[in-house]
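Now for the letters of each chain:
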Amino acid sequence: MEITLSIIAIVISLISGVFALYTFIWTAQRDKKQATLDAFNTLQEQALDVLNEYTGAEIKHIIEEKNKSEYRELSKCLARLEHFSVGANTGIYDRKTVYELAHGFLDVGIWYKLQPVLEAKQKGKTENYYQNYCALVKWMKAQKKDTP
């Protein structure tokens, strides 16, 4: 009888342990997705809304005319994009959630608008200071090819 009770107790303990592990993993994944949503909302407010106010032609004009105040504003937005992209590329944020939130926007609309800024910032430099944003865009574009 004691052996049977011990076996039952061990089985119940194992089931409890598996359930606790499952709950921990599920909660961690959910928290990561929530952090992604929160970070993207902040990015939207601080950078993407600002970038949406510009057309591609206006951005090119800012660079050509060397308008320092607007160029600084574009640089801040690009820095915020890079910061967010670091989180997405290193696993701090959930990439799939980023893709669902922003595909067609970060990797197309904003990407092509920012090309003149990226080119101006890279002119004469060997290191790519915005490699995380570029890597995120490359990954997002590859995802589009994989979806039906």
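Rules of the game
Residues numbered from 1 in each chain as written. Predicted model: local features only at pLDDT ≥ 70, side-chain atom pairs only at ≥ 80, totals over all residues. Heavy atoms only, no water. Patch = residues over 30% accessible without salt bridge, like charges linked within 9 Å, V, L, I, M, F, W, Y side chains within 5 Å. Areas by Shrake-Rupley, 256 points an atom, 1.4 Å probe, with all protein chains shown as cover. Salt bridge = Lys/Arg side-chain N within 4 Å of Asp/Glu carboxyl O. Lys, Arg positive; Asp, Glu negative; His and termini not counted. Charge placed at Lys NZ, Arg CZ, Asp CG, Glu CD. Helix = DSSP H or I, 4+ residues; strand = E, 2+ residues; numbered from the N terminus. Buried < 20%, exposed > 50% of the residue type's maximum accessible area, 1.4 Å probe, protein only. Core = buried A, V, L, I, M, F, W, Y, C linked by side-chain atoms within 4.5 Å. Contact = heavy atoms within 4.5 Å. Axes fitted to C-alpha atoms, helices over the stretch in contact; angles between N-to-C directions. Parallel < 35°, antiparallel > 145°, perpendicular 65-115°, else oblique. Left-handed = near helix turned anticlockwise from the far one by under 90°.

## Description of a positive patch on the surface
Judged by side-chain charge, Lys-68, Arg-72, Lys-76 and Arg-80 come together as a positively charged surface patch. Tracing the backbone shows Lys-76 in helix α3 (residues 68–89).

## What to know about a nonpolar patch on the surface
Judged by side-chain polarity, Met-1, Leu-5, Ile-8 and Ile-12 come together as a nonpolar surface patch covering roughly 460 Å² of accessible area. Counting through the fold element by element, Ile-8 comes out in helix α1 (residues 2–52). Among the residues examined, Ile-8 registers a relative accessible area of 43% and is labelled partly exposed.

## Looking at the environment of Ala-57
With respect to the helices and strands, the residue Ala-57 is situated in helix α2 (residues 56–65). Here the alpha-carbon distance between Ala-57 and Leu-37, two residues 20 residues apart in the chain, equals 30 Å.

## Remarks on helix α4 (residues 95–102)
Among all positions of α4, only Thr-97, Val-98, Tyr-99 and Ala-102 are buried. Following α4 by one or two positions, Gly-104 has its phi on the positive side, about 90°.

## So, the nonpolar core
The biggest cluster of nonpolar side chains holds 33 residues, and the ones touching the most others in it are Leu-48, Leu-51, Leu-81, Phe-84, Leu-106, Leu-114 and Tyr-133. Those elements that place two or more of their residues in this core are α1, α2, α3, α4, α5 (105–122) and α6 (131–146). Take this core: its biggest share by element is seven residues, from α1. For Leu-81, the contacting residues outside a window of four places in its chain are Leu-43, Leu-48, Leu-51, Leu-106, Ile-110, Leu-114 and Tyr-133.

## A few points about the environment of Ala-39
With respect to the secondary-structure elements, Ala-39 resides in helix α1. Its relative accessible area of 14% is what places Ala-39 among the buried residues. In this structure Ala-39 touches Phe-84 and Tyr-93, once residues within four positions along its chain are discounted.

## Focus: the packing of α1 against α4
At a minimum axis distance of 9 Å, the contact between α1 and α4 shows a crossing angle of 40°. With respect to each other, α1 and α4 are oriented oblique. For the crossing formed where α1 meets α4, the hand is right-handed. Two secondary-structure elements touch here, α1 through Lys-33, Thr-36, Leu-37 and Phe-40 and α4 through Thr-97, Val-98, Leu-101 and Ala-102.

## A word on the pattern of salt bridges
Scanning the entire structure with this criterion turns up one salt bridge. The salt bridge involving Asp-31 is made with Arg-30; its shortest N-O contact spans 4.0 Å. Looking at Arg-30, the relative accessible area reads 43%, which means it is partly exposed.

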